[in-house]
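# Structural description and commentary
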Amino acid sequence: MALSTGSKKIKTAVFITGTGSNLKSLIKFSKLKKSPISIKIIISNNPKAKGLRFGKIYKIKKKIFNFKKKTTAEKEILFELKKNKINLICLAGFMKILSKNFIHNFNGKIMNIHPSLLPKYKGLKTHERAIKNKDKYSGCSVHFVNSKLDSGKIILKKKVRINKKDTPQTLAKKILVQEHKLYPKAILKIFNL
Ligand code: GRF
C-alpha cells in the first residue's frame, strides 16, 4: 500500500527510547491543520523513557515492549499497529534495530531521524566522530528505513556548523534544535505538501 493522505490524516506511530523531544515536536506538528499525520500511539522499548510522559500530557496511547525477546516484541508491536490501523511509523530516538521481517511489513512506511549528515556517520557516537575528524559541519538527516542501518533513502538533511569550542554535548544540542524542525518538514515532503 502506498503512502497517501486522501482527506483523512495518516494514522501514525512514534517509536521512542529516551527523552522524546522529537516526539514532542512531532505531536505539536501533528496538531497543525497543514499536518498530514495524526499520532495514534507511542511505542517504546524502555519503560523508563522520559518521553512517555508526552503520552499522558497529550492523551496519546502508549505501549511498552520488552526487546529482550525481540521476535515476540516485534510480533506484538505489529499486532498493535494493525489493530490501530497505523500506516506510518516515525522512529524518533528509538535505539533498537528492527528486523528485516518487521521492516518488510511496513515497507516504505518507516522513517527515522539520525543526528549526522548521512551517509556520513551511521550508527552511534555521531557527534564525537564528527568533532574528532575536524569536520566543519555536521547536522541531521531524515530517511526511510530499510534493512541496512541508517542506509535508506534520504528525504531531507540540515547542516549545522561545528565551532572550534563545540563538544559532543554542545553539538548535540544545536543539532537537536534542527531535528525538531527537520522531521515535520520531511513528513510534509513525502506527502508532497
Ligand atoms: C536524537 O538526536 C535522534 O536523532 C537520535 O537520538 C536523539 C533522540 O532525542 N537518534 P529525543 O529522544 O528525540 O529527545
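I will try to describe carefully the structure that is included in this document. (Residues numbered from 1 in each chain as written. Predicted model: local features only at pLDDT ≥ 70, side-chain atom pairs only at ≥ 80, totals over all residues. Heavy atoms only, no water.)

## Overview of the site of the ligand
The criterion, for reference: Working definition: residue near molecule or strand if any one of its non-hydrogen atoms lies within 4 Å of it. By the criterion applied in these results, polar contacts are pairs of N or O atoms within 3.5 Å in which, for protein atoms, one can donate a hydrogen and the other can accept it, and in which residues neighboring in sequence qualify only through two side-chain atoms. Here, Shrake-Rupley sampling with a 1.4 Å probe gives the accessible areas, and only protein chains in the shown set may cover a residue. Strands are runs of DSSP state E lasting at least 2 residues, helices are runs of H or I lasting at least 4, and numbering of each runs from the N terminus. Gly counts as polar in this scheme, as do all residues outside two lists: the nonpolar Ala, Val, Leu, Ile, Met, Phe, Trp, Tyr, Cys and Pro, and the charged Asp, Glu, Lys and Arg.
Near the ligand the following residues occur: T19, G20, S21, N22, G93, I113, P115, L176 and E179. At 2.8 Å, a backbone N or O of G20 approaches an oxygen atom of the ligand. For the ligand, an oxygen atom lies 2.5 Å from a polar atom in the side chain of S21. In the complex, 82% of the free accessible area of the ligand, which totals 370 Å², lies under the protein chains. Secondary structure elements with two or more residues in the shell around the ligand: α1 (21–30) and α6 (168–190). Classifying every residue of the shell around the ligand gives 3 nonpolar, 5 polar and 1 charged.

## Notes on the packing of α1 against α6
This is how the line gets drawn: Lines fitted to the C-alpha atoms define the axes, with helices restricted to the stretch that makes contact. Angles between their N-to-C directions range from 0 to 180 degrees. Under this scheme an angle from 65 to 115 degrees is roughly perpendicular, one under 35 degrees roughly parallel, and one over 145 degrees roughly antiparallel; angles in between are oblique. The crossing is said to be left-handed when, going from far helix to near helix, the turn is anticlockwise and less than a right angle, and right-handed when the turn is clockwise. Only heavy atoms enter the contact rule, under which two residues are in contact if any of them lie within 4.5 Å.
Their axes nearest at 9 Å, the elements α1 and α6 cross at an angle of 45°. The angle between α1 and α6 falls in the class oblique. The two elements α1 and α6 cross, and the hand of that crossing is right-handed. Here S21, N22, S25, L26 and F29 of α1 come into contact with α6, specifically with L176, E179, H180, Y183, P184, I187 and L188. Here the contact of α1 with α6 is built from residues that sort into 7 nonpolar, 4 polar and 1 charged.

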